[in-house]
Structures are given as structure tokens and as C-alpha cells.
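Commentary on secondary and tertiary structure
Each chain is listed here by its residues.
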Amino acid sequence: MGWDRHRLVAGRPCLLGGVRFEDCPVGPLGHSDGDAAAHAVVDAVLGAAALGDIGRHFPDDDPAWAGADSLDLLARAAALVRGAGWRVGNVDLTLILERPRIAPAADRMRAALAGALGVGPGGRVGQGDARRGARPRGPRRVRDRDGDRPAAAGGARGAEGDPA
């Protein structure tokens, strides 16, 4: 399983799965183009073949990868996997984000990722999931069972039902 997360900043293009979302006002900050979807798939395929992770093969302190196209990194990772005697058949990718809306671009994203992976027509790449309010805000909080009050860490409660 691969995963990736990037801080979003104004002035960067919003790229996910090789697709640019023009209507998104922020984009991922990263050494490469910051495509977190492609990076997660890179880690997934490398990890499945026990070949390490994206940082091992494309370190963010190496100027050679500055501004790199993440689909190119994915194609290189897929080549490493094939070179180790494996092949990529399917990739399951879930994106949890508030924006941009993935559904209108999902087919283009699947095609871009599948193309970089060299996955043929029998392979499956990706799925989408929108989560409103997905962005973490402030310190992590555990809610009580009713969801209306913060509970103490681990959900411990005092004798009166108040947070411990």
C-alpha cells in the first residue's frame, strides 16, 4: 500500500493522477510536480515488489528530480518492478480530499496512471472518493459516541460522563 500527502499552496498547479485541475486554486508543494496520487502508486508498486519507496529511488534532495513529472517517476518505478521479475496487474487508489472534484477527471486519471504503468486493458487502476471536511484542522480530537463533545484521549470518561 502506498500513500502520499503534500501541503497545498497557492500558485502551484493542482495535479492528481497526471491530470491538471485548472479550477483548483491550490496545488501540492513538492520537489517534483507534487502529484500525490502518482506518488502513492509509485510507493505501492515499489513496496509490493519489495523495492523500497519513492524516496529511495527518486530522493527529494537530488536535483535530478527537481520538477520531475510524476508520471515519468511512475513509469520508471514500473520498469524497476518489471526488471525485478514482477508485473503490475491492478492498482487500487483511493483519494481522500476536499477538492478538486475527482469524478469529472477520473477516467483521464485512470488512463494516465495505466499508461505510465504499462497496464493493459485487463488491468484496473483507481477509484475515487470525495470526503467533505477531510482536511485535518488543529490537534487531533477524539469525539464521544454522540459526536458532540471532545473526549479525552482514548475516549476515557469520568464517573459523571464528562471527559476525564
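Numbering of residues starts from 1 in every chain and runs along the sequence as written. pLDDT decides what is reported in this predicted model: residues at 70 or higher carry local features, side-chain atom pairs at 80 or more are listed and counted, and totals for whole chains, interfaces and linings draw on all residues regardless. Side-chain descriptors were evaluated using all non-hydrogen atoms of the structure, hydrogens and water having been removed beforehand.

**Comments concerning the environment of M1**
Checked against the element boundaries, M1 lands in the segment before β1 (8-10). In this scheme, a residue with accessible area under 20% of its type's maximum is buried, one over 50% is exposed, and one in between is partly exposed, where area comes from a 1.4 Å probe on protein chains only. The exposed category is assigned to M1, whose relative accessible area is 89%. Counting from the N terminus, the helices are the DSSP runs of H or I reaching at least four residues and the strands are the DSSP runs of E reaching at least two.

**Examining the pattern of salt bridges**
A side-chain nitrogen of Lys or Arg and a carboxyl oxygen of Asp or Glu constitute a salt bridge if their distance falls within 4 Å. With the rule as written, the count across this model stands at three salt bridges. Note that R76 and D72 form a salt bridge whose closest N and O atoms lie 2.9 Å from each other. Separated by four residues within a single helix, R76 and D72 lie in helix α3 (residues 70-83), roughly one turn from each other. When its relative accessible area of 33% is taken as the criterion, D72 is described as partly exposed.

**Some thoughts on helix α1 (residues 36-48)**
To estimate the expected span of a helix, subtract one from its residue number and multiply by 1.5 Å. The end-to-end C-alpha distance of α1 is 18 Å, a good match for the 18 Å that 13 residues give at a rise of 1.5 Å each. Burial analysis of α1 places ten of its 13 residues in the buried class, the great majority of the element. Residues of α1 that are buried: A36, A37, A38, H39, A40, V41, V42, D43, V45 and L46. Contact definition: two residues touch when any of their heavy atoms are within 4.5 Å. The secondary structure elements touched by the buried residues of α1 are β2 (15-16), α2 (54-57), α3 and α4 (106-117). Polar contacts, as counted here, are pairs of nitrogen or oxygen atoms within 3.5 Å of one another; within protein the pair requires one atom able to donate a hydrogen and one able to accept it, and residues that are adjacent in sequence qualify only if both atoms are side-chain atoms. Sitting at the amino-terminal end of α1 is D35, which places a side-chain oxygen 3.1 Å from the backbone nitrogen of A37. Downstream of α1 by a residue or two, A50 has a phi angle that is positive, lying close to 55°.

**Describing the state of the cysteines**
Two cysteine sulfur atoms form a disulfide, by the criterion used here, when they sit within 2.5 Å. Under the definition given, this model contains zero disulfides. Not part of a disulfide, C14 finds its nearest cysteine sulfur in C24, a span of 3.6 Å. With a relative accessible area of 5%, C14 lands in the buried category. Since its relative accessible area comes to 10%, C24 is described here as buried.

**A look at α3**
Taking 1.5 Å as the rise per residue, α3 with 14 residues should run 20 Å; its terminal C-alpha atoms sit 20 Å apart, in good agreement. Residues of α3 that are buried include every one of S70, L71, L73, L74, A77, A78 and V81, and no others. On an axial view of α3, the arc spanned by its buried residues comes to 155°, and they lie on one face. Its buried side turned inward, α3 meets α1, α2 and α4. Of the residues that open α3, the one with a side-chain oxygen 2.8 Å from the backbone nitrogen of L71 is D69. Note that the arc is defined by the directions from the helix axis to the C-beta atoms.

**Description of the side chain of S70**
Checked against the element boundaries, S70 lands in helix α3. A residue is classified by how much of its surface remains accessible, and S70, at 0% relative accessible area, is buried. A polar atom in the side chain of S70 sits 2.7 Å from the side chain of H39. Filtering out sequence-adjacent residues up to four positions away, S70 remains in contact with S32, D33, G34, D35, A38 and H39.

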